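Next come the chains, spelled out residue by residue.
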Amino acid sequence: MHEIPKNHPRYKSLIFREKLVQGFRDGYVAIQGLIAHGRGECFDYLIGEKTLEPAIKSMKAAIAALLLAEKPVISVNGNIAALTPAEIVELADEVNAAIEVNLFYRTEDRAEKIAKILYEYGAKEVLGIKDATATIPELHSERRRVSPKGILKADVVLVPLEDGDRTEALRKLGKTVIAIDLNPLSRTARAANITIVDNVIRAMPKMIELAKEMKSLNKNELQSILNNYRNEEVLAEIINQIILRLTKLSSNVKTLVINP
Ligand code: PTJ
């Protein structure tokens, strides 16, 4: 990985970029994944690079849905494998979900490399490699190839960092879709049942924390969290917070004072 000086003002952000670049060099992050990350970074700037309160609401609903699910599945692509592989495995353990590799730009080589990483982080089973023999109807991208034991049968699917097409296709199959997407305007964000508008880097650890807490709730309590959740309201709140933040910033632009 390229050496990033620790005192760089954007050290953390640069480290995650490096992880993706390294993932691309290692052959499991799609080159398009680098563009997708750039788009995400832009929306992260707009929300202030922190987890907003409405996103916490979405995370609680997401954990409730995962804990109530009969066959929950966490879908993994190249970007998420580079950014939060340990957290994927830990969250899957906490909510008893299967892990499935599902790629938009699918090659068997990339799928196998991603599975290997997840196994290195302690995954017990990774679906969607040799067993991606079923297809999702109406989906024409490589994402249509799924495991009959995983996404095909799942009732709840967590899709961090997605393209919108599959979210719609999964919804048409009657599945509950949870998306993590920094862009509240994307097709994914608008098609999912529950959209977490946050960076996966912050959202995944927070979801693990919530899963640990919420495991003690009974089914009725979890169901009530889910029943009271309204995705359209949460998306509207996020957009409003962006508007408020930008309005405030525009009335008080602070240029950097740089002394030669
Ligand atoms: O690994 P593959 O082959 O499955 O391909 C993965 C990518 C990401 C290339 C593919 O799914 C794709 O093209 O996605 P899109 O359509 O570019 O959508 C990605 C979405 O994720 C965009 O709305 C971004 O704003 C958002 N995003 C990017 N980085 C993050 C993010 N959301 C949360 N956290 C991030 N770090």
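Refer to the structure printed above.
What counts, and at which threshold
Residue positions are given per chain, counted from 1 along the sequence in the order it is written. The model is predicted, so local features are restricted to residues of pLDDT at least 70 and side-chain atom pairs to those at 80 or more, both for listing and for counting; the totals for chains, interfaces and linings are taken over all residues. The basis for every side-chain value is the complete set of non-hydrogen atoms in the structure, without hydrogens or water. Going along the chain from the N terminus, every DSSP run of H or I of four or more residues is numbered as a helix, and every run of E of two or more is numbered as a strand. Whenever a nitrogen or oxygen atom comes within 3.5 Å of another N or O atom, the pair is scored as a polar contact, on the condition that within protein one atom can donate a hydrogen and the other can accept it, and that pairs from neighbouring residues in sequence are kept only if both atoms are in side chains. In this analysis, two residues are considered to be in contact whenever any of their non-hydrogen atoms come within 4.5 Å of each other. Ring pairs are drawn from Phe, Tyr and Trp, using the six-membered ring of Trp, whenever the two centres fall within 6.5 Å, and their geometry is named by plane angle: stacked under 30 degrees, edge-to-face over 60, tilted for the rest. Per-residue accessibility, obtained with a 1.4 Å probe over protein chains only, is compared with the maximum for each type, and a residue is labelled buried under 20%, exposed over 50%, and partly exposed between these values. Note on pairing: DSSP must find at least two bridges between two strands before they are called paired. Any residue with a non-hydrogen atom lying within 4 Å of a molecule or strand is treated as near it. Accessibility throughout is a Shrake-Rupley quantity obtained with a 1.4 Å probe, and a residue counts as covered only by protein chains that appear here. In the cavity and pocket records, a cavity denotes points on a 1 Å grid over the protein atoms alone where a 1.4 Å probe fits but cannot get out, a pocket denotes an open set with protein on both sides within 12 Å along at least 5 of 7 lines, and lining residues are residues with an atom within 4 Å of a point. Pocket or cavity membership: a molecule qualifies when more than half of its atoms sit within 2 Å of the grid points of that site. Think of it as three bins: nonpolar holds Ala, Val, Leu, Ile, Met, Phe, Trp, Tyr, Cys and Pro, charged holds Asp, Glu, Lys and Arg, and polar takes everything else, Gly as well. Grid points are joined across faces, edges and corners, and a volume is the space filled by probe spheres set on the points. A side-chain nitrogen of Lys or Arg and a carboxyl oxygen of Asp or Glu constitute a salt bridge if their distance falls within 4 Å.

S.K.: Give a description of the side chain of Asn102 that names residues and reports values.
M.R.: Take Asn102: it is sitting in the loop between β2 (98-101) and α6 (108-120). Here the side chain of Asn102 touches Arg145 through a polar contact of 3.2 Å, landing on its backbone oxygen. With sequence-adjacent residues up to four places away left out, Asn102 is seen in contact with Ser75, Val76, Asn77, Arg143, Arg145, Val146, Ile151 and Arg166.

S.K.: Describe the packing of aromatic side chains, naming the residues involved and giving the relevant values.
M.R.: What the rule picks out here adds up to one aromatic pair. When the centroid spacing of 4.7 Å and the interplanar angle of 80° are considered together, the rings of Phe104 and Tyr105 count as edge-to-face. On the basis of relative accessibility, which here comes to 30%, the residue Phe104 falls in the partly exposed class.

S.K.: Which residues make up the pairing of strand β1 (residues 72-76), and what are the values?
M.R.: Side-chain direction in a regular strand flips from residue to residue, so the side chains alternate between the two faces of the sheet. By the criterion of burial, β1 is predominantly enclosed, with five of the five residues buried. Bridge count between β1 and strand β6 (residues 156-160): three bridges; the pairing is parallel. Bridged to Val73 within β6 is Val157.

S.K.: Before we move on, could you go through the site of the ligand and cite the residues and values that matter?
M.R.: The immediate surroundings of the ligand are formed by 23 residues, with Phe104, Tyr105, Arg110, Arg143 and Asn199 found nearest. Note that an oxygen atom of the ligand is positioned 2.9 Å from one of the backbone N or O atoms of Gly78. Val200 has a polar backbone atom sitting 3.0 Å from a nitrogen atom of the ligand. Burial of the ligand by the protein chains amounts to 94% of its free accessible area of 750 Å². A majority-of-atoms criterion places the ligand in the largest pocket. The biggest single contributor to the shell around the ligand is helix α2 (residues 31-47), with six residues. Of the residues assigned to the shell around the ligand, the class counts are eight nonpolar, eight polar and seven charged.

S.K.: With reference to specific residues and values, describe empty space enclosed by the protein.
M.R.: Applying the stated rule across the entire model yields one cavity of 30 Å³ or more. Along the walls of the largest cavity sit Ser75, Val76, Asn77, Asn102, Arg143, Val159, Pro160, Leu161, Glu162 and Arg166, which together make up its complete lining. Breaking the lining of the largest cavity down by element, the ones donating at least two residues are β1 and β6.

S.K.: So what about the environment of Ile129? Which residues, and what values?
M.R.: With respect to the secondary-structure elements, Ile129 resides in the loop between β3 (126-127) and β4 (134-135). Judged by relative accessible area, which is 13%, Ile129 ranks as buried. Taking the C-alpha atoms as reference, Ile129 lies 8.0 Å from Ser147; in sequence the two are 18 residues apart. For Ile129, the residues in contact, after removing those within four places along its chain, are Val101, Arg106, Glu108, Ala111, Glu112 and Ala115.

S.K.: Kindly report on the pattern of salt bridges, identifying the contributing residues and their values.
M.R.: Counted under the stated rule, the structure contains 16 salt bridges. Between Asp44 and Arg202 there is a salt bridge; the shortest N-O distance is 2.7 Å. Note that Asp44 is positioned in helix α2 and Arg202 in helix α9 (residues 200-214), a separation of 158 residues in sequence. Ionic pairing is found between Asp198 and Arg202, a salt bridge with its closest N-O pair at 2.8 Å. Taking relative accessible area as the criterion, Asp198 reaches 1% and is therefore assigned buried. Taking relative accessible area as the criterion, Arg202 reaches 21% and is therefore assigned partly exposed.

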